[in-house]
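Spelled out from the first residue to the last, the chains are:
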Amino acid sequence: MASLHESTLKTHVSTELLIAHIVQIHASVCKLESLRPSKQVNTIFTHLVKLCIPSSSIDITALPEETQLIRQSLITLCGKAEGLLELEFSTFLSKLPQPLNNLNLFPYYGNYVKLANLEYNILSDNGVVQPKKVAFIGSGPLPLSTLILATHHMKSTCFDNFDIAAEEGEVSMFHTQDVMEVRDKLGEYDCIFLAALVGMNKVEKVKILGHVRKYMKKGGTLLVRSVKGARAFLYPVVEEEALLGFEVLTIFHPTNEVINSIILARKPVV
């Protein structure tokens, strides 16, 4: 997602005006012939992100059904647009002589760096330092998070990327597999990342979290990406009660241009 100037983040929009703008943007997105990267697509989604980033008192759970349907539709559309942008850039990178040296050409690379820094610091603060094996579930076609973590923070860690629809390319190796079909292998990892778009609604999230908890190793760490406030028009929310059977270690909600909240949990040893 787009990086924003600090002054933009401090702008407060009333709930009524926010929803009115959201409805307009949703209508504009639905009229697009394609979600593939273009000036028009980028402009609309950048506008949406700028609208959703500032702190908001909006109660997502209290929204009327019609607005909830628009929100769910927007999350799906944002996910598709994000995936198409990553796929196009992954294809572009794979044609370069040294693709890993050109990751910073990705439009929102700076945001991924800030998110990786945040996640690494949260892991370190909770005693997860240089884990041997890490799984990233929902890496997408361009696994920037794992590439940044492996390059700058966890240089001795072995990363495996899982995505239900990712295409294997020259930038990174993938396991193209639905996480619900991954069982015993989950027990190999010291730490598992669950991307924001894995499980597009509450029912799916709870089902996936339960599956991961069942098969991951005892004492293993789970890092879940969520959102708070108006950012819930961009990504699904993960409530603490969805982490049944986990020990929740910390929950962090950024107030800057980093969109995702971080929930860190551990599977009990006993």
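Since the model is a prediction, treat every value here as computed from it, not as a measurement.

Before going further, it helps to spend a moment on the overall build of the protein. From N to C terminus, the protein includes seven helices and seven strands. Secondary structure elements of the protein occur, N-terminal to C-terminal, as α-α-α-α-α-β-α-β-β-β-α-β-β-β. Against the 2.2 N^0.38 benchmark of 18 Å for 270 residues, the protein shows a C-alpha radius of gyration of 18 Å, consistent with a compact globule. Each of the three principal axes of the protein carries a C-alpha extent, and together these read 50 × 45 × 35 Å. Expressed as a percentage of the 270 residues in the protein, the buried residues total 50%. Restricting the contact set of the protein to residue pairs at least 6 apart, pairs at least 24 apart contribute 74%. In the structure as shown, the protein presents an accessible area of about 13,100 Å², 53% of it carried by carbon and sulfur atoms.

The next thing to look at is the side chain of Ser-90. Here Ser-90 lies in helix H4 (residues 65-94). In this structure the side chain of Ser-90 is engaged in a polar contact, spanning 3.3 Å, whose partner is the backbone oxygen of Pro-141.

Turning next to the pattern of salt bridges. For the structure shown, the criterion picks out five salt bridges. Between Glu-257 and Lys-114 there is a salt bridge whose closest N-O contact spans 2.0 Å. Taken together, the residues span a long stretch of sequence, with Glu-257 in the loop between strand S6 (247-252) and strand S7 (261-266) and Lys-114 in helix H5 (residues 109-125) at a distance of 143 residues. Residue classification places Lys-114 among the partly exposed positions, given a relative accessible area of 36%. Among the ionic pairs, Lys-185 bridges to Glu-188, the shortest N-O distance being 3.2 Å. Take Lys-185: its relative accessible area is 28%, and that puts it in the partly exposed class. Residue class for Glu-188 comes out partly exposed when judged on its relative accessible area of 37%.

Below, the discussion takes up the packing of H5 against helix H6 (residues 144-153). Look at H5 against H6: their axes get within 9 Å of each other, and the N-to-C directions meet at 60°. Of the possible angle classes, the one that applies to H5 and H6 is oblique. Our pair here, H5 against H6, has a crossing hand that is right-handed. Together, Tyr-109, Tyr-112, Val-113, Ala-116, Asn-117 and Tyr-120 of H5 and Leu-144, Ser-145, Ile-148, Leu-149, His-152 and His-153 of H6 make up the contact between the two elements. Here the residues of the contact of H5 with H6 sort into eight nonpolar, four polar and no charged.

Right, let's talk about the nonpolar core for a bit. Soluble globular proteins tend to bury their nonpolar side chains together. With 53 residues, the main nonpolar core has Phe-106, Ile-137, Ile-192 and Leu-222 as its most contacted residues. For this core, the element with the highest residue contribution is H5, accounting for eight residues. Once residues within four sequence positions are removed from consideration, Phe-106 is found in contact with Leu-85, Glu-86, Phe-89, Tyr-112, Leu-142 and Leu-144. Of all hydrophobic cores here, the second largest spans 31 residues; its members include Ile-25, Leu-32, Leu-63 and Ala-232.

Before going further, it helps to spend a moment on H6. Counting buried positions along H6 gives seven out of 10 residues, so the element sits mostly inside the fold. Every buried residue belonging to H6 is among Leu-144, Ser-145, Thr-146, Leu-147, Ile-148, Leu-149 and His-153, and all of these are buried. For H6, the secondary structure elements touched by its buried residues are H5, strand S1 (133-137), strand S2 (158-163), strand S4 (191-194) and strand S5 (221-226).

Moving on, we get to unusual backbone geometry. Phi is positive for Gln-130, close to 50°, though the residue is something other than glycine. Mapped onto the secondary structure, Gln-130 falls in the loop between H5 and S1. Take Gln-130: its relative accessible area is 28%, and that puts it in the partly exposed class.

With that out of the way, let us pick up the side chain of Thr-221. Considering the arrangement of structural elements, one finds Thr-221 in strand S5. Among all residues touching Thr-221, those that are not within four sequence positions of it are Leu-123, Val-128, Asp-190, Cys-191, Ile-192, Met-216, Leu-264, Ala-265 and Arg-266.

Okay, the packing of helix H2 (residues 15-30) against H4 next. Relative orientation of the contacting elements H2 and H4 amounts to 50°, with a least axis distance of 10 Å. Put simply, H2 runs oblique to H4. You can see that H2 and H4 cross each other, and the crossing is left-handed. From H2, Ile-19, Ile-22, Val-23, His-26, Val-29 and Cys-30 reach across to H4, where they touch Thr-67, Ile-70, Ser-73, Leu-74 and Leu-77. Of the residues contributing to the contact of H2 with H4, the split by class is eight nonpolar, three polar and no charged.

Scoring rules and cut-offs
Numbering of residues begins from 1 in every chain and follows the order in which that chain's sequence is written. Where local features are concerned, this predicted model is filtered to residues with pLDDT of at least 70; where side-chain atom pairs are given and counted, the filter is 80 or more; whole-chain, interface and lining totals use all residues. For the side-chain quantities, the full set of heavy atoms in the structure was used; hydrogens and water were omitted. Strands here mean DSSP runs of E at least two residues long; helices mean DSSP runs of H or I at least four residues long; both are numbered from the N terminus. Radius of gyration: C-alpha atoms only; globule rule: 2.2 Å multiplied by the number of residues to the exponent 0.38. Accessible area is worked out with a 1.4 Å probe on protein chains only. A residue is then buried under 20% of its type maximum, exposed over 50%, and partly exposed in between. Residue contacts are counted whenever heavy atoms from the two residues lie within 4.5 Å of one another. Using a 1.4 Å probe, accessible areas were evaluated by the Shrake-Rupley method; residue-level cover was limited to the displayed protein chains. Contacts described as polar in this section are N or O atom pairs within 3.5 Å, which, within protein, must combine one atom able to donate a hydrogen with one able to accept it, while residues neighboring in sequence count only if both atoms come from side chains. Counted as salt bridges are all cases of a side-chain nitrogen of Lys or Arg within 4 Å of a carboxyl oxygen of Asp or Glu. Here an angle of 0 to 180 degrees is reported between the N-to-C directions of two axes, which are lines fitted to C-alpha atoms, with helices fitted over the stretch in contact. Convention used here: angles under 35 degrees read as roughly parallel, angles over 145 as roughly antiparallel, angles from 65 to 115 as roughly perpendicular, and any remaining angle as oblique. Handedness of a helix crossing follows the sense of rotation of the near helix relative to the far helix, less than a right angle counterclockwise being left-handed and clockwise being right-handed. Residues are grouped as follows: nonpolar covers Ala, Val, Leu, Ile, Met, Phe, Trp, Tyr, Cys and Pro; charged covers Asp, Glu, Lys and Arg; every other residue, Gly included, is treated as polar. For our purposes a nonpolar core is just a set of buried Ala, Val, Leu, Ile, Met, Phe, Trp, Tyr and Cys residues, chained together by side-chain atoms within 4.5 Å.

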